[in-house]
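Okay, here's what each chain looks like letter by letter:
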Protein chains: 2
Amino acid sequence: MTDEKKPRRRPRSDGQRNRENLLNVAKAAFTAGEVDIPLDEIARRAGVGIGTLYRHFPNRDALIEAVYRAELDRLANAAPVLAAQHPPVEALRAWMRLFVDYIAAKLVIAPALNGLAGGTGTLYAQSGTVLQSAIDGLVAAAVASGEISADIEPVDLLRALAGVSNYAAGPGWETSAKRLVDILIAGSRVSAS
Amino acid sequence: MTDEKKPRRRPRSDGQRNRENLLNVAKAAFTAGEVDIPLDEIARRAGVGIGTLYRHFPNRDALIEAVYRAELDRLANAAPVLAAQHPPVEALRAWMRLFVDYIAAKLVIAPALNGLAGGTGTLYAQSGTVLQSAIDGLVAAAVASGEISADIEPVDLLRALAGVSNYAAGPGWETSAKRLVDILIAGSRVSAS
DNA sequence: TGTTAAGCGGAGATATCCTCCGCATATACC
DNA sequence: GGTATATGCGGAGGATATCTCCGCTTAACA
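As the structure is a computational prediction, the values presented were derived from the model and not from experiment. Position numbers for residues count from 1 along each chain, tracking the sequence in the order it is written. Starting at A for chains and at 1 for ligands, labels are handed out in the order in which the entities are written. With pLDDT at 70 or above as the cut-off, local features in this predicted model cover only qualifying residues; side-chain atom pairs require 80 or more to be listed or tallied, and sums for whole chains, interfaces and linings still use all residues. Heavy atoms from the whole structure form the basis of all side-chain values; hydrogens and water molecules are not counted.

Looking at the overall build of chain A
Right, on to step 1. Tallying secondary structure elements over chain A gives 9 helices and 0 strands in all.
Right, on to step 2. To sort residues, take the accessible area from a 1.4 Å probe on protein chains only and compare it with the maximum for the residue type: under 20% means buried, over 50% means exposed, and anything in between is partly exposed. Each of the 193 residues in chain A was classed as buried or not, and the buried ones make up 45%.
Right, on to step 3. The contact definition used throughout considers only heavy atoms, calling two residues in contact when any of these lie within 4.5 Å. The contacts in chain A between residues at least 6 apart in sequence include a share of 69% that link residues at least 24 apart.
Right, on to step 4. With residues, only the protein chains shown are counted as cover, and all accessible areas are computed by Shrake-Rupley using a 1.4 Å probe. Of the roughly 9,500 Å² of accessible surface on chain A, a fraction of 52% belongs to carbon and sulfur atoms. In DSSP terms, a helix is any run of H or I states spanning at least four residues, a strand is any run of E spanning at least two, and both are numbered starting from the N terminus.

A word on helix 9 (residues 173–188) of chain A
Right, on to step 1. Helix length check: helix 9 of chain A, at 16 residues, gives a terminal C-alpha distance of 23 Å against a target of 22 Å (1.5 Å per residue), a fit within 8%.
Right, on to step 2. Those residues of helix 9 of chain A that fall on the buried side of the exposure criterion are A:Trp173, A:Ser176, A:Ala177, A:Leu180, A:Val181, A:Ile183, A:Leu184, A:Ile185, A:Ala186, A:Gly187 and A:Ser188. Expected helix span is computed as 1.5 Å times (number of residues minus one).

Focus: the confidence of the model for chain A
Parts of the model with low pLDDT should not have their predicted coordinates read in detail.
Residue and element names in this part refer to chain A.
Right, on to step 1. Per-residue confidence from the predictor is given as pLDDT, running between 0 and 100. Residues of chain A with pLDDT of at least 70 account for 79%, and the chain-wide mean is 82.
Right, on to step 2. In the model, residues 1–5 has pLDDT below 50 throughout and makes 0 contacts with residues more than four positions away in sequence or in other chains.
Right, on to step 3. Contacts of residues 111–121 to residues separated by more than four positions or lying in other chains number 22 contacts, the stretch itself having pLDDT below 50.

Let's talk about the packing of helix 9 of chain A against helix 9 (residues 173–188) of chain B
Packed helices, taken two at a time, are described by their axes: the angle between them and the distance between them.
Right, on to step 1. Axis definition: a line fit to C-alpha positions, over the contact stretch in the case of helices; interaxial angles, taken between N-to-C directions, run 0 to 180 degrees. Where helix 9 of chain A meets helix 9 of chain B, the closest approach of the two axes is 7 Å, and the angle between their N-to-C directions is 100°. By the criterion of interaxial angle, the relationship of helix 9 of chain A to helix 9 of chain B is roughly perpendicular. In this structure, helix 9 of chain A uses A:Leu180, A:Ile183, A:Leu184, A:Ala186, A:Gly187 and A:Ser188 to contact helix 9 of chain B, whose residues at the interface are B:Leu180, B:Ile183, B:Leu184, B:Ala186, B:Gly187 and B:Ser188.
Right, on to step 2. Classifying every residue of the contact of helix 9 of chain A with helix 9 of chain B by side-chain character gives 8 nonpolar, 4 polar and no charged. An angle counts as roughly parallel when it lies under 35 degrees, as roughly antiparallel when it exceeds 145, as roughly perpendicular when it falls between 65 and 115, and as oblique in every other case. When residues are sorted by character, Ala, Val, Leu, Ile, Met, Phe, Trp, Tyr, Cys and Pro go into the nonpolar class, Asp, Glu, Lys and Arg into the charged class, and all the rest, Gly among them, into the polar class.

So, the protein's contact with DNA strand D
Right, on to step 1. By convention in these notes, a residue is near a molecule or strand provided one of its non-hydrogen atoms lies within 4 Å of it. Taken together, 23 residues sit near DNA strand D, with A:Arg60, B:Arg12, B:Asn18, B:Gly51 and B:Arg55 positioned nearest.
Right, on to step 2. Of all atoms in DNA strand D that approach within 4 Å of the protein, 58% are sugar or phosphate atoms.
Right, on to step 3. As used in this structure description, the phrase polar contact means that two N or O atoms lie within 3.5 Å; if the pair is within protein, one of them must be able to donate a hydrogen and the other to accept it, and residues adjacent in sequence are counted only when both atoms belong to side chains. At 2.3 Å, a side-chain N or O of B:Arg12 approaches a base oxygen of DNA strand D.
Right, on to step 4. Broken down by secondary-structure element, the contributors of at least two residues to the surface near DNA strand D are helix 2 (39–46) and helix 3 (50–56) of chain A together with helix 1 (13–31) and helix 3 (50–56) of chain B.
Right, on to step 5. No other element matches helix 3 of chain B, which puts 5 residues into the surface near DNA strand D.
Right, on to step 6. Split by residue class, the surface near DNA strand D holds 6 nonpolar, 8 polar and 9 charged.

What to know about the pattern of salt bridges
Right, on to step 1. What makes a salt bridge here is a side-chain nitrogen of Lys or Arg within 4 Å of a carboxyl oxygen of Asp or Glu, nothing more. According to the stated counting rule, one finds 29 salt bridges over all chains in the structure shown.
Right, on to step 2. Put simply, B:Arg12 and B:Asp14 hold a salt bridge, and the shortest N to O gap is 3.0 Å.
Right, on to step 3. Residue B:Lys178 is joined to B:Glu174 by a salt bridge in which the shortest nitrogen-to-oxygen separation is 3.9 Å. Taken together, the residues span about one helical turn, with B:Lys178 and B:Glu174 both in helix 9 at a distance of 4 residues.
Right, on to step 4. For B:Lys178, a relative accessible area of 22% translates into the label partly exposed.
Right, on to step 5. Put simply, A:Glu34, A:Glu41, A:Arg44 and A:Arg45 are held in one network by salt bridges that share partners.

Some details on the protein's contact with DNA strand C
Right, on to step 1. Contacts to DNA strand C come from 25 residues, most closely from A:Arg12, A:Asn18, A:Gly51, A:Arg55 and B:Arg60.
Right, on to step 2. Near the protein, within 4 Å, the atoms of DNA strand C are sugar or phosphate in 58% of cases.
Right, on to step 3. In this structure, a phosphate oxygen belonging to DNA strand C sits 3.2 Å away from a main-chain N or O atom of B:Arg10.
Right, on to step 4. Here B:Tyr54 contributes a side-chain N or O atom positioned 3.4 Å from a phosphate oxygen of DNA strand C.

Topic: the packing of helix 5 (residues 88–104) of chain A against helix 9 of chain A
Residues and elements named next belong to chain A.
Right, on to step 1. Interaxial distance between helix 5 and helix 9 falls to 10 Å at its minimum, and their mutual angle equals 155°. The angle between helix 5 and helix 9 places the two elements in the roughly antiparallel class. Where helix 5 crosses over helix 9, the two elements pack in a sense that is right-handed. Residue-level inspection shows Val89, Leu92, Arg93, Met96, Arg97, Val100, Asp101, Ile103 and Ala104 of helix 5 in contact with helix 9, the latter providing Trp173, Glu174, Ala177, Lys178, Val181, Asp182, Leu184 and Ile185.
Right, on to step 2. For the contact of helix 5 with helix 9, a count of residues per class yields 11 nonpolar, no polar and 6 charged. In this scheme the handedness of a crossing depends on how the near helix is turned from the far one: anticlockwise by less than a right angle means left-handed, clockwise means right-handed.

Focus on the side chain of A:Ser188
Right, on to step 1. Counting through the fold element by element, A:Ser188 comes out in helix 9.
Right, on to step 2. With a relative accessible area of 2%, A:Ser188 lands in the buried category.
Right, on to step 3. A polar atom in the side chain of A:Ser188 sits 2.6 Å from the backbone oxygen of A:Leu184.
Right, on to step 4. Once residues lying within four places of it in the same chain are set aside, the contact partners of A:Ser188 are A:Glu147, A:Ile148, A:Ser149, A:Ile152, A:Leu157 and B:Ile183.

A closer look at the environment of B:Ala94
Residue and element names in this part refer to chain B.
Right, on to step 1. You can see Ala94 is positioned in helix 5 (residues 88–104).
Right, on to step 2. Taking relative accessible area as the criterion, Ala94 reaches 25% and is therefore assigned partly exposed.
Right, on to step 3. In sequence terms Ala94 and Ala78 are 16 residues apart; their C-alpha atoms lie 9.9 Å from each other.

Quick look at helix 4 (residues 60–85) of chain A
Residues and elements named next belong to chain A.
Right, on to step 1. When the terminal C-alpha atoms of helix 4 are compared, their 39 Å separation across 26 residues agrees well with the 38 Å that a helix rising 1.5 Å per residue should span.
Right, on to step 2. Each residue is assigned a bend, namely the angle between axes fitted to the seven residues that terminate at it and the seven residues that start at it. Where helix 4 bends most, at Arg69, the angle is about 35°.
Right, on to step 3. All of the buried residues in helix 4 are Leu63, Ile64, Glu65, Val67, Tyr68, Glu71, Leu72, Leu75, Ala76, Ala78, Ala79 and Leu82.
Right, on to step 4. Its side-chain oxygen at 3.2 Å from the backbone nitrogen of Asp61, Asn59 defines the N-terminal cap of helix 4.

Laid out in structure tokens, this is it:
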């Protein structure tokens, strides 16, 4: 149980390069809507063997999660920036709209998320932590400013938006998602008991 | 192109029985969380051959849709009843809560819905029609009574609720979904522009 | 430059979906 | 009842996908 960290050899350059390639190829495929592309195909496009893919990502879910983890981080990092630029409620609104944009651009790859039957919970629980703390901060600020009711569960707002993305195929989708943002914010205000 | 309906032989009793069995077994499995149970296994539990399963339901999606189509209808049928019993906005609220209850009891099998990678849109578009017209009616009444803003896309409310269910695993989930119902309704009121 | 651990890659074991088609039987008609 | 036949049954097996295993290669370190 000794938690010693061995002075391990630096990771091989080709290993890192292959990992990057795989992530890029996978992201391109998912973004293009090829959600259930075979893993062999991803490996082929990335110019590596299937074994390499599986060493880096033990299963499909792990790959998917890794693919958009980076995007999730970018999205989360936007929260403090917006908070500094806008008053609390508007920062929240802006960030929620950004969230919609990400989904619209498939940068958050909602369909891929959906594809994880059963595993969704686990995956989202891990990856979603960063998003959760991001919106927690925004909501907390808005509550502190007295504009938003205190008994809001911030994550629910995200979940609601993500839900709209799930069953969204039609062209006017993005508009209605943005409208939902306004509804959610209006419904969260203290005035609207 | 003659649209003649042939006087077909009455369907065989064993055929109908097998179909029922399959649906019951599948519903039980899905409700129990075995979302990606192999179809062979469903056939086995139902005491029929795999071929029989595939004749009744050409693919996995068809089975899933058939399984909870009945529940969807029940849920949709509750809308006019509630509308008769409550004032418009309260009827809407009550129905949305009922929707949450169905999801909570897995009667609407949200995870199974999610499991349909790519096909979600199509499936929901077909099965969801009944739900859509149900909530359309409720919202229309609430708009007519002047209590709810007219530029609400009713389906979005459903989508938002369904979204909460997607990433819902925790114990307190149902409570927060119900709270979201209130937020959505509050945000849809005309006063809260 | 030699040693060695880390990484590579693809054959193939396993699992799942779905098709096909000969056999069985419930229905309809006599 | 008895017979004809459409309808349904069922599982072997083809197609495809996931994931494992292990001998070979190569980058990192001295």
